[in-house]
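Chain and residue survey
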Amino acid sequence: MEEIKKYLLDYGYKEDEIEKILNSYTFRTLNYGTLFINIKDKINLLSNLGYSSKDIIKMTKTFPALYGYSIENIKQKLEDMITLGYTKEEVIKMTKNFPTLFGLGIGNIKRKIKYMINLGYNEKEVIKITKMLPELYGYNEQEINTKIICMLDLGYSIDRIISITKTLPAFFSYSVNNIIKKFNDIMNLDYNKDQVIKMTTLFPALFSISIDKLKKRMEYLLNEVYCKTEIVRITMQFPTIYGYSDDNIMEKIQFYKLIHIEKELVNTAKYLMQSIDVSYARYMFYKSKNIEINNKNYRMLFIEQKQFEKLYGIDKKELLNMYNYNDFVKEKNNGRII
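These notes cover the structure that comes with them. (Residues numbered from 1 in each chain as written. Predicted model: local features only at pLDDT ≥ 70, side-chain atom pairs only at ≥ 80, totals over all residues. Heavy atoms only, no water.)

Inspection of the entire model under this criterion finds 22 aromatic pairs. Relative to Tyr174, the ring of Phe171 lies with its centre 5.9 Å away and its plane at 65°, an arrangement referred to as edge-to-face. The exposure class of Phe171 is buried, given its relative accessible area of 1%. Residue class for Tyr174 comes out buried when judged on its relative accessible area of 18%. Judged by centre distance (4.8 Å) and plane angle (25°), the rings of Tyr280 and Phe328 are stacked. (Phe/Tyr/Trp six-rings, centres within 6.5 Å; stacked < 30°, edge-to-face > 60°. Buried < 20%, exposed > 50% of the residue type's maximum accessible area, 1.4 Å probe, protein only.)

This is the structure in structure tokens:
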């Protein structure tokens, strides 16, 4: 047994990880000779399939039983998954994140795909979702049904539920209590039920953002320029604002305040998608043409890139080189006024 431990230590395992693996049920049923051969054979096989040593260590720490599977079974599982519509690279990535996939029968996997299709997903959508959340194959149907019923009870249609989970497959990993709590927490930020449903459908990642971050973003917008009603209107149109970094939003709001168009964004919140670099460069370009951006013509700042290039004969790269936002920030800190 010491020879096996030394082999695994040399490969990169820690002592406590080795003890956990060797004490697992899979290895307690094997004699020393078979055990050592199994470990070396599986490491060689997995390496040849494209897994790194770090991948193999991580996978077998989580799922020691992998060392007990035959070479034929492992190869067959990859072939079966490829037949279902995954690429080899996708199967490798999935099993890195969810090595237990090797232990699921292909019949069970096919039944789960059929079950998801019966819920309203198409086959391509099921493949896409499970690439992002391979653990879904390990969930029982009752778990999934419970979450869908929870969402229906909150007021979501089955179409909205499908839309949310296609964008955020990790939703299936959330507990019912957490889903209900997040829904209620968002309502407590002065949204009504229908508004929360609309926002989370447009931007499902709201379910994954901490309520403290949502409160902080709302407080920042309140302190800077907007009233509660305006913030609700902005975030209803563009809930993605809650997912942006603090610096991203702060830079944009500060700049739009500087050029006095911040209030116009209440009804055109989608413009917050545009990068501050582009907004600044376009503003300065218009200024060089004696066009002053104001609350009447501010939409000029946000026209489509192709339209801008066609109108003014300057591409994005050239424009950003001419008017560099980071240079402006440095000069602004030294007292420059735009």
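The subject of this paragraph is the side chain of Thr60. Locating Thr60 in the fold gives a position in helix α5 (residues 53-62). There is a polar contact of 2.4 Å between the side chain of Thr60 and the side chain of Tyr13. For Thr60, the contacting residues outside a window of four places in its chain are Tyr13, Ile21, Leu66 and Tyr67. (Helix = DSSP H or I, 4+ residues; strand = E, 2+ residues; numbered from the N terminus. Polar contact = N/O pair within 3.5 Å; in protein donor to acceptor, adjacent residues only side chain to side chain. Contact = heavy atoms within 4.5 Å.)

Attention now goes to the packing of helix α10 (residues 141-154) against helix α11 (residues 158-167). Relative to each other, α10 and α11 sit at 125°, their axes nearing to 10 Å. As far as their axial angle goes, α11 and α10 are oblique. Here α10 and α11 pass one another in a crossing that is right-handed. Contact residues: Ile148, Met151 and Leu152 in α10; Ile158, Ile161 and Ile164 in α11. Looking at the contact of α10 with α11 residue by residue, the classes come out as 6 nonpolar, no polar and no charged. (Axes fitted to C-alpha atoms, helices over the stretch in contact; angles between N-to-C directions. Parallel < 35°, antiparallel > 145°, perpendicular 65-115°, else oblique. Left-handed = near helix turned anticlockwise from the far one by under 90°. Nonpolar A, V, L, I, M, F, W, Y, C, P; charged D, E, K, R; others polar.)

This part is about the environment of Gly12. On the secondary structure map, Gly12 appears in the loop between α1 (2-11) and α2 (15-22). Residue classification places Gly12 among the partly exposed residues on the basis of a relative accessible area of 43%. When the C-alpha atoms of Gly12 and Leu104 are compared, they prove to be 27 Å apart, with 92 residues separating the residues in sequence.

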